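Each chain is listed here by its residues.
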Amino acid sequence: MSKRAVVLLSGGIDSATAAAVARDEGYEVHALTFHYGQRHAREVESAKKLAPALGAAGHKVIDLDLRRIGGSALTDQIPVPKGRGVEEIGAGIPVTYIPARNTIFLAFAVAWAEVLGSEDIFLGVNAIDYSGYPDCRPEYIAAFERMANLATKAGVERRSKLTINTPLIHLTKAEIIRRGAALGIDFSLTWSCYDPTPDGHPCGACDSCILRQKGFAEAGIPDPGSLSSLADSSRHQGFVL
Ligand SMILES: [Zn+2]
């Protein structure tokens, strides 16, 4: 039996590539997605298409309303910044930062990994394009991994070592796109935009749209998900628990 991995799959380029890396390394992929009240819930639809396309053995979508917490342009009544330059995007922690998001998501991933008997979690964070994100830093990941091994029955009884794999952490967006393309990802299934138009198109101006455009341009690969063929669904069709 293949080793199992829990992969946090948001529906974006990075998490899709992390899932493809896990599969390429021989893991049986169990994808975990959160519908957390994000402004761009459209990404959940992408995750539902990506999971089978990436050969996932299982996919859970967890419903978790972070709007009750707020504090982010993605979960609260705060405008999403538009038209910022790349240097400005990288200059600090943006208002699209969601308080403690990776800590919340990783806690669920650790729980599911324990149930699955998995010793590996894959997370598509990178510390290059978002150098200011506190929960994307290598030292954060190392600290969480240490905590997780203290926190679980599996860790204590089996003396197994849970590893949080971050295969993209030192890659630029362009490098991630090249890696994903080499692994056969259909990027038309991915979603990046933080603030989709009412008819379900990417806005083309938020930080995530700009970094996606820059990444594909630098990778020298056309973006199959740009403003086309993505309008079929801005609705959410329920959750698989
Ligand atoms: Zn956008």
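From a predicted model like this one, the values you see are computed outputs, not experimental measurements.

What counts, and at which threshold
Residues numbered from 1 in each chain as written. Predicted model: local features only at pLDDT ≥ 70, side-chain atom pairs only at ≥ 80, totals over all residues. Heavy atoms only, no water. Donors = N, O, S within 2.8 Å, 3.2 Å for Na, K, Ca; no water. Tetrahedral: all angles 85-135°; square planar, octahedral: opposite > 155°, others 65-115°. Helix = DSSP H or I, 4+ residues; strand = E, 2+ residues; numbered from the N terminus. Buried < 20%, exposed > 50% of the residue type's maximum accessible area, 1.4 Å probe, protein only. Contact = heavy atoms within 4.5 Å. Salt bridge = Lys/Arg side-chain N within 4 Å of Asp/Glu carboxyl O. Expected span 1.5 Å × (residues − 1). Pairing = 2+ DSSP bridges. Right-handed = clockwise from strand over helix to strand, strands pointing away.

## Regarding the coordination of the zinc ion
- Those protein atoms acting as donors to the zinc ion are Cys 193 (SG), Cys 203 (SG), Cys 206 (SG) and Cys 209 (SG), and they sit at 2.3 to 2.4 Å.
- Bound by four donor atoms, the zinc ion shows angles of 103 to 119 degrees at the metal and therefore tetrahedral coordination geometry.
- Each donor residue of the zinc ion lies on the same chain, and together they follow the pattern C-x9-C-x2-C-x2-C. Linking Cys 193 in the loop between α7 (173-182) and α8 (207-219) with Cys 209 in helix α8, this pair joins segments that are 16 residues apart in sequence.

## Focus on the environment of Gly 180
- Relative to the assigned elements, Gly 180 resides in helix α7.
- Classification of Gly 180 as buried rests on a relative accessible area of 0%.
- For the pair formed by Gly 180 and Asp 14, sequence separation is 166 residues and the distance between their alpha carbons is 8.4 Å.
- Excluding residues within four positions of it along the chain, Gly 180 makes contact with Thr 17, Ile 185 and Phe 187.

## A short note on the pattern of salt bridges
- If you walk through the whole model with that rule in mind, you get 11 salt bridges.
- With a closest N to O distance of 3.0 Å, Lys 173 and Asp 14 form a salt bridge. Within this pair, whereas Lys 173 is found in helix α7, its partner Asp 14 is found in helix α1 (residues 13-24), the two being separated by 159 residues in sequence.
- Given the relative accessible area of 13%, Lys 173 is considered buried.
- Assessed through its relative accessible area of 14%, Asp 14 is described here as buried.
- Across the salt bridge formed by Glu 145 and Lys 161, the nearest N and O atoms sit 2.8 Å from each other. Taken together, the residues span a long stretch of sequence, with Glu 145 in helix α5 (residues 138-151) and Lys 161 in the loop between α6 (153-157) and β5 (163-165) at a distance of 16 residues.
- Under the relative-accessibility criterion, Glu 145 is labelled buried at 17%.

## A look at α5
- A rise of 1.5 Å per residue sets the reference length of α5, with its 14 residues, at 20 Å; its end C-alpha atoms lie 20 Å apart and thus fit the reference within 8%.
- If you follow the buried residues of α5, they end up packed against α4 (101-116), α6 and β5.

## A look at the environment of Pro 79
- Examined against the element boundaries, Pro 79 turns out to sit in the loop between β3 (58-63) and α3 (86-89).
- Given a relative accessible area of 64%, Pro 79 falls into the exposed group.
- As for Pro 79 and Asp 195, which are separated by 116 residues in sequence, their C-alpha atoms are 9.2 Å apart.
- Apart from residues no more than four positions distant in its own chain, Pro 79 is found in contact with Arg 39, Ala 73 and Val 95.

## A few points about the pairing of β3
- Two strands pair when backbone bridges link them, and strand β2 (residues 28-35) and β3 are joined in this way by six bridges, in the parallel orientation. Paired with His 30 across the bridge in β3 is Gly 58.
- Taking the sense of rotation as the criterion, the β-α-β connection linking β2, helix α2 (residues 42-53) and β3 turns out right-handed.

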